[in-house]
Amino acid sequence: MSVNIDNANAGSTVADQALEEAVRVANADAALRYAGRPLAIQTENLTRLYKIRAEKKDKKKNDSPPARTMIALDGVNVEVYQGELFGLLGPNGAGKTTLIKILTTLLAPSGGTALVDGLDVVKQAQDVRRLINMVSGGETSGYGILTVHENLWMFSQFYGITWRDANARIDEMLRIVELEDKRNALVSSLSTGQRQRMNFCRGFITDPKVMFLDEPTLGLDVHAARIVRNFTRSWLSENPDRTLLLTTHYMAEADELCDRIAIIDHGKVLACDTPANLKHLLQKQPTFDISAAGITDKTVAALEAAPGVVRVIATPDEGGISHNLKFILEDESAIGSVVSTLAAHNGRILTLQKNEPTLEDVFIKLVGRSLTGDASEAAAS
Amino acid sequence: MRKSVGLELFLRGAVARGYPRVIGAHRELSWLFFDIVIPLISTSAFVFLYKALNAPAAYVGFVVLGGAMATYWLNVLWMMASQLYWDKQAGLLEIYIMAPTSLMSILLGMGVGGLYMSTLRAGAIAVVGSLLFNVQFDASQWGFALLVFLVTMVALYGLGMLLSSAFLMWGREAWQVSLALQEPVFFLSGQNFPLSRLFNSVPALMQGAVTFVSAAVPVSLGLDAMRQLLFPGQIVGVFDPWVELGIMAALGVIFVTAAYLMLKRMEWLAKVEARLSLRWQ
Amino acid sequence: MLDAATKNGTNPGPTRRESTDKTFWTDNIRTFRIAARLGWQVEGNWADPFVFFIFTILRPLATALILVLMYTVIAGGQKPQFFNYLYLSNALFVLVIQTMSGLAWTVLDDRENYKMLKYIFTSPARQISYFMGRAVAKISLGLLTMAVLLLVGVLFLGLQIDIAKIEWGWVAIYFVLGMITLVSLGLILAGIALVIARNGAAIGEVVAGCLLLFSGAYFPVDVLPPVIREISLGMPITYWLEGMRRAINGGTLTYVADGSSGTVAGVQPISPALAGIDNWQLLAIMGLSAVVCSVVSYFFYQWVENQAKERGMIDRLTGY
């Protein structure tokens, strides 16, 4: 079933229902795709409300000002399968961190249920904690008076890891994040990026079954961020029984790493699917731009008739030497017939570029603004 | 990878949390100045006050012992009761809550580590203060005095655990309450004077209430018992040392049990009201 | 790589211009005003005014009660003038602690807790004015606490103050000079706080504790061993406390000695070492202290701020 998301941020009940249906369909597709794999994370109608305290000036005006309630999560249904690297995208204040805090037993939901590896995060919190860990980007937790190794050892003990295993895991993780030369350095002497890398290690030394990464590359330099991404991907592929939920503001990171992505805003999941499918929501038919020389009217006619070609727009360039050809195809595979038709009519391809919407385009379309919150971008798109 | 559960996990967590305290005492030596020299100077001020008042020599000993024991109260107040507030500010509280080991295990580690730190300090204050002011202790009942000290510590750190669970809910109020409890407890515990004189000085109607409140702070009766044992015949105690020992043992059981129950309740409330990661509040 | 003009000395160098900054006083006043307001917000907006008031006076009141008990336990109500000495000094000393600790604590709080210090330093705000403004709240609370303690003392604890005998002129002069001295010393501590780790957070109180011993706050300096007594007689706080006590009491505090323990029978000053200094001499000492402390504190602060910048302490987090 295809869903039109052109009015996704129109604010109408119809639009909300359309999005919910799209999410439901996507979840059903994922269930088929991941058939046989258990659910690592499952939320059903998960809700979280916050009471906003009345400001002092309001109290002076009214004897009993009404309490305001902020809805941080509004009936969220998310299913993450074992072995998935699941992404959570959303602007600031969307509810991503609230969702993670509930799943990591730090916050109680106001309604609904949340299960991690089949265990209720509220009623079986202690059991859940044995299976999870979380790393928050931008956090520099740790005691400055201890060395890197001592800090990591200390955190490992809270998970009951034996000293021998802990030391081995710590050394391995420090090597991966290229911090082994800082093993015996006091944490207070580390730079912010080094502390974040240490924090990253803290999450993985306990070998969690479900890992939560909340913007793990925030503030890391390009090299360190690449190490983190590479490790994240390889950790999952080497441990297919592990699951990872990632929140990020970096679209490219989500696009590169995630098997599926949920886009969340104002406490609601607006879309949940693979990055490719999300992009297809915006643009069903792939478009290609080809710059070619030796194009005649006959060539253009032949291209229009080629199998899989929906439309061709040919524009001569300024010099008149080549043409810019814009193709709309029924399917990506039709590009082969385009290329062969050009070759058959002595056309010479100078450049070939596939155009497809980016994840950011999808985000803006659904949320109505970019991650920077600029509503004009939605209007422009 | 094998992961401990149950008692083994509990003990691992306690050892791990106590470790920074023990190591900190040896690595960061500025405490030698801030936590020994300065309290010694403050204690000296009270010693000279007694000298100015022509107090009996034993009162100097009371003040030195009181100054040493004050270290433990300050440690419980600032490094146990409000420690979870500081950990929240540093982003560590979330990590502790999320870990499978219990918060009691974390607090036990804090307590034992804090006890180690404070004993170094208190010992230094007692030794140096005694040498400076020529304090004569009677060591004939040192074993009993040591038993009283240990039971006092269990009760005191149990109270610290109980307070820390209450502080879990607070922001800056935690720091303000700790600040507010500091001197009043010095007053109610008879840090610088025999506790029995406090009770005799208040109107009869209030004696019961003051005794109750004072006794609820383990340092009060613990200090009183230790003074009776180390300065026999020179002080009128509130109760017999054995009675005071029994009261503190009971307090220890009550505080630790209450801390366990309160911690669970407060952790739940903090999760419902989203206070576990609320900072700068 | 130097270009030819630079090598042969003909390069005029970067274009400089004269500073047109004529806003020194405006910046200072604005900074002070905003910092004072911020200081009140930081101190008090965690509770409603009544709770805040209770918490503010609870600690000094407990200290006062400790001293009252100690006095009652030993002196048993005898030597009322000594009680006056003790209680008055304790009430005045609250101001010493609040002023000295207030400035130092501001530095550490802003740097370690709120992580705002670096933004203050990179803004046009004047640092000294900022710290002084932030300390206004603490100093005001110190004044309020002192007043409450005196009131409680007179009403409930037997403090004997005859309002008709208070020498208001001397009170005002000693107070002003004392505050200049205290604020200057507080600024020195604030400078030290800039270059020490977080565990020095109590540096203000630490120093106040030392002053407790050396300034004759709880007992006459005559009780101290000779060497320590000389140190005490070299400290401005000693004279400030003596001046304020005299002005409030309407004269030097005395007691009636019975001739025992080597004392001469009759009316004797509680602190003979200070009794020989008259009010004008005290005024001269206080005036000189205020001037010296102000100048020293200003230049010391400038120097230590440079040290902090060289060592990167303005934005360093040192908690553990």
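Below is a summary of the structure that appears in this document. Just so you know, these numbers come straight off a predicted model, no measurement behind them.

For residues that are not glycine, phi is negative in most cases, and the peptide bond is trans in most cases. The phi angle at N45(A) is positive, at roughly 55 degrees, despite the residue not being glycine. Of note, N45(A) is situated in strand β1 (residues 39-52). We classify N45(A) as partly exposed; its relative accessible area is 45%. A positive phi angle, near 55 degrees, is found at N54(B), a position not held by glycine. Within the fold, N54(B) resides in the loop between α2 (31-52) and α3 (57-81).

For any two helices packed against each other, one specifies the crossing angle of their axes together with the interaxial distance. All names here are of chain C. In contact at an axis separation of 10 Å, helix α3 (residues 49-75) and helix α6 (residues 127-157) are set at 50 degrees when each is read in the N-to-C sense. Overall, the two elements α3 and α6 adopt an arrangement that is oblique. Our pair here, α3 against α6, has a crossing hand that is right-handed. Contacts from F52, F53, T56, I57, P60, L61, A64, L65 and V68 in α3 reach L141, L144, T145, V148, L149, V152 and L157 in α6. Considered class by class, the residues forming the contact of α3 with α6 number 14 nonpolar, two polar and no charged.

Moving on, we get to the pairing of β1(A). Residues and elements named next belong to chain A. Inspection of the sheet shows β1 paired to strand β2 (residues 68-81) by ten bridges, in the antiparallel sense. Note that in β2 the partner of Y50 across the bridge is M70. Judged from the five bridges that link them, β1 and strand β4 (residues 111-116) form a sheet pairing that is antiparallel. Each residue of the ladder has a partner; that of E44, found in β4, is T113.

A word on the interface of chain B and chain A. Listed by partner, the interface residues are 40 residues for chain B and 41 residues for chain A. Summed over both partners, the interface of chain B with chain A comes to about 3600 Å²; 61% of that surface belongs to carbon and sulfur atoms. In terms of surface lost to chain A, no three residues of chain B exceed M1(B), M98(B) and P100(B), which account for 21% of the buried area on that side. Taken together, the connections running from chain B to chain A amount to three salt bridges. The closest approach of N and O atoms between R27(B) and E150(A), which form a salt bridge, is 2.8 Å. Linking chain B with chain A are 17 residue pairs in polar contact (both at pLDDT 80 or more), by the criterion used here. Residue assignment for the side of chain B that touches chain A shows that the elements contributing at least two residues are α1 (6-27), α5 (92-98) and α12 (241-272) of chain B. Tallying contributions element by element places α1(B) first for the side of chain B that touches chain A, with eleven residues. Grouping the constituent residues of the side of chain B that touches chain A by class yields 21 nonpolar, seven polar and twelve charged.

Reading the values: the criteria
Throughout, residues of each chain are indexed from 1 in the direction in which the sequence is written. Lettering of chains starts at A and numbering of ligands starts at 1, both following the order in which they are written. Local features in a predicted model are, by the rule used here, given only for residues with pLDDT of at least 70; side-chain atom pairs are given and counted only at 80 or more, and totals for whole chains, interfaces and linings are based on all residues. Hydrogens and water molecules were not included; the side-chain quantities draw on all heavy atoms of the structure. Segments assigned H or I by DSSP are reported as helices when at least four residues long, segments assigned E as strands when at least two residues long, and all are numbered from the N terminus. Relative accessibility decides the category of a residue: with a 1.4 Å probe and only protein chains considered, values under 20% of the type maximum give buried, values over 50% give exposed, and everything between is partly exposed. Between N-to-C directions, angles span 0 to 180 degrees; the directions come from axes that are lines fitted to C-alpha atoms, helices contributing only their stretch in contact. Orientation categories follow fixed angle ranges, with anything under 35 degrees roughly parallel, anything over 145 roughly antiparallel, 65 to 115 roughly perpendicular, and all other angles oblique. Left-handed describes a crossing whose near helix is turned anticlockwise from the far helix through less than a right angle; right-handed describes the clockwise counterpart. Contacts between residues were defined by any pair of non-hydrogen atoms, one from each residue, lying within 4.5 Å. We call Asp, Glu, Lys and Arg charged. Ala, Val, Leu, Ile, Met, Phe, Trp, Tyr, Cys and Pro are nonpolar, and the rest, Gly among them, are polar. Strands are labelled as partners when DSSP assigns at least two bridges between them. Note on terms: buried area is the combined drop in 1.4 Å-probe accessible area of two parts once they are placed together, counting the loss on both. Salt bridges are identified by distance alone: a Lys or Arg side-chain nitrogen within 4 Å of an Asp or Glu carboxyl oxygen. Counted as a polar contact is a pair of N or O atoms within 3.5 Å, where, for protein atoms, one must be capable of donating a hydrogen and the other of accepting one, and residues adjacent in sequence contribute only when both atoms are in side chains.

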